[in-house]
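# Structure at a glance
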Amino acid sequence: MKENKVFKIIKLIKNIICWTLIAVLVFTLVVFFMSRINGSTPSVFGYSIFRVSSGSMEPELMVGDIILDKTVDNPEDLKVGDVITFKSSDYGDLLVTHKVIKAPYEENGKLMLQTKGIANEVEDKPISVDNVKGIMICKVDYLDTVYNVFLSPWGLLILIALIVIIFFDEIITIVKILTNNDRSVKDADDINEIIDRLQAEKLKEQAEKVKEQSEKTEEKSKNVSEDSSEKDE
């Protein structure tokens, strides 16, 4: 019974880990696909991942580098030296990551700021703070390969396939439960019944032995008493 309980605990821990990973991966995929459909930037809890596609920020950011951005809660807090990702008409409404060279200022009733790529000779045109998508938190090293693989169409299929392979056992269990054909539960119950029956038989056998031994002891005591009575006579 003790081993059976340990097995159940291990299985429970495994299920918790598996379902947690499944939930995280599914949530990430949903956010990514919904963002692609809406034409927005994939974001989880205000954090987004971007890949540098040009050399305008070299040598600080190289082509292929992966950066982690956070949504700017208060644009007025942006300062000179911050690296931000923004949408600019100068680049065909593409997302650009450059360094702030002029802190937010008011112009014609709008809050504006100015940026420049480190490697560029000319600064960018001023932009509205409304176009800022995020401020760079850090550069994530060694993530470019993973990014290229899993955020490509084939990469997403590979990711989904990996999820199915890794959690195949859980998926089979779910299908069995939904179809009321979960043999694992039935087998576990059968095993428990067998163990309980064996333990009951063992206890019964021990009780019979104790009873038999007790009867022998009583019979022996009775015989001793009879022998003593005969000697007294």
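As a reminder, the structure under discussion sits directly above these lines.
Residues numbered from 1 in each chain as written. Predicted model: local features only at pLDDT ≥ 70, side-chain atom pairs only at ≥ 80, totals over all residues. Heavy atoms only, no water.

## Considering the overall build of the protein
Just so we agree on the cut-off: A helix here means a DSSP run of H or I that spans at least four residues, while a strand means a run of E at least two residues long, and both kinds are numbered starting from the N terminus. In what follows, residue pairs with any heavy atoms lying within 4.5 Å of each other are defined as contacts. Calculation of accessible area relied on Shrake-Rupley with a 1.4 Å probe; when residues are assessed, cover is drawn exclusively from the protein chains displayed.
The number of helices and strands found in the protein is five helices and seven strands. Reading the protein from its N terminus to its C terminus gives the helix and strand order α-β-β-β-β-β-β-β-α-α-α-α. Of the contacts made within the protein by residues no fewer than 6 positions apart, 50% connect residues no fewer than 24 positions apart. A total accessible area of about 16700 Å² is found for the protein, and carbon and sulfur atoms account for 60% of it.

## As for a nonpolar patch on the surface
Rules: Here, patches come from residues exposed beyond 30% relative accessible area and free of salt bridges, joined within 9 Å for like charges and within 5 Å for nonpolar side chains (Val, Leu, Ile, Met, Phe, Trp, Tyr). For this analysis, a salt bridge means a side-chain nitrogen from Lys or Arg found within 4 Å of a carboxyl oxygen belonging to Asp or Glu. The buried label applies to any residue whose accessible area, calculated with a 1.4 Å probe on protein chains only, is under 20% of its type's maximum; exposed applies above 50%, and partly exposed to all values in between.
A surface patch of nonpolar side chains, amounting to about 610 Å² of accessible area, comprises W154, L157, I160, V164, F168 and I172. Broken down by secondary-structure element, the contributors of at least two residues to the nonpolar patch are α3 (153-166) and α4 (168-178). Ranked by the residues each element gives to the nonpolar patch, the list is headed by α3, at four residues. Take I172: it is sitting in helix α4. Owing to a relative accessible area of 31%, I172 belongs among the partly exposed residues under this scheme.

## Some remarks on the side chain of S88
Relative to the helices and strands, S88 resides in strand β3 (residues 83-88). Exposure remark for S88: the relative accessible area of 4% places this residue in the buried category. Filtering out sequence-adjacent residues up to four positions away, S88 remains in contact with D93, L94 and I127.

## As for the nonpolar core
Quick reminder of the rule: Here the nonpolar core consists of buried residues drawn from Ala, Val, Leu, Ile, Met, Phe, Trp, Tyr and Cys, with membership extended through side-chain atoms lying within 4.5 Å.
With 10 residues, the main nonpolar core is built from V72, L78, I84, F86, V96, V100, L113, I127, V129 and V132. Those elements that place two or more of their residues in this core are β3 and β4 (94-107). V132 has contacts with V72, L78, I84, T85, F86, L113 and I127, leaving out every residue within four places of it along the chain. Among the nonpolar cores identified, the runner-up in size contains seven residues, and F50, V52, M57 and V83 belong to it.

## Considering the sheet that holds strand β5 (residues 110-116)
Here is the rule: The pairing criterion for strands is at least two bridges between them, as found by DSSP.
The seven strands are arranged β1-β2-β7-β3-β4-β5-β6 in an open sheet whose pairing can be described as antiparallel. Every interior strand has two partners, whereas the edge strands, β1 (47-51) and β6 (127-128), have only one. In terms of strand pairing, β5 meets β6 through two bridges, oriented antiparallel. Bridging from a neighbouring strand, L113 pairs with I127 of β6.

## Overview of the side chain of T115
The residue T115 is located in strand β5 in this model. For T115, a relative accessible area of 0% puts it in the buried group. If near-sequence neighbours (up to four positions away) are discounted, T115 is found in contact with I84, F86, H98, K99, V100, I101, E123 and D124.

## Things to note about the environment of G134
Locating G134 in the fold gives a position in strand β7 (residues 132-140). When its relative accessible area of 0% is taken as the criterion, G134 is described as buried. The spacing of G134 and T85 is 49 residues in sequence and 5.3 Å in space, taken between C-alpha atoms.

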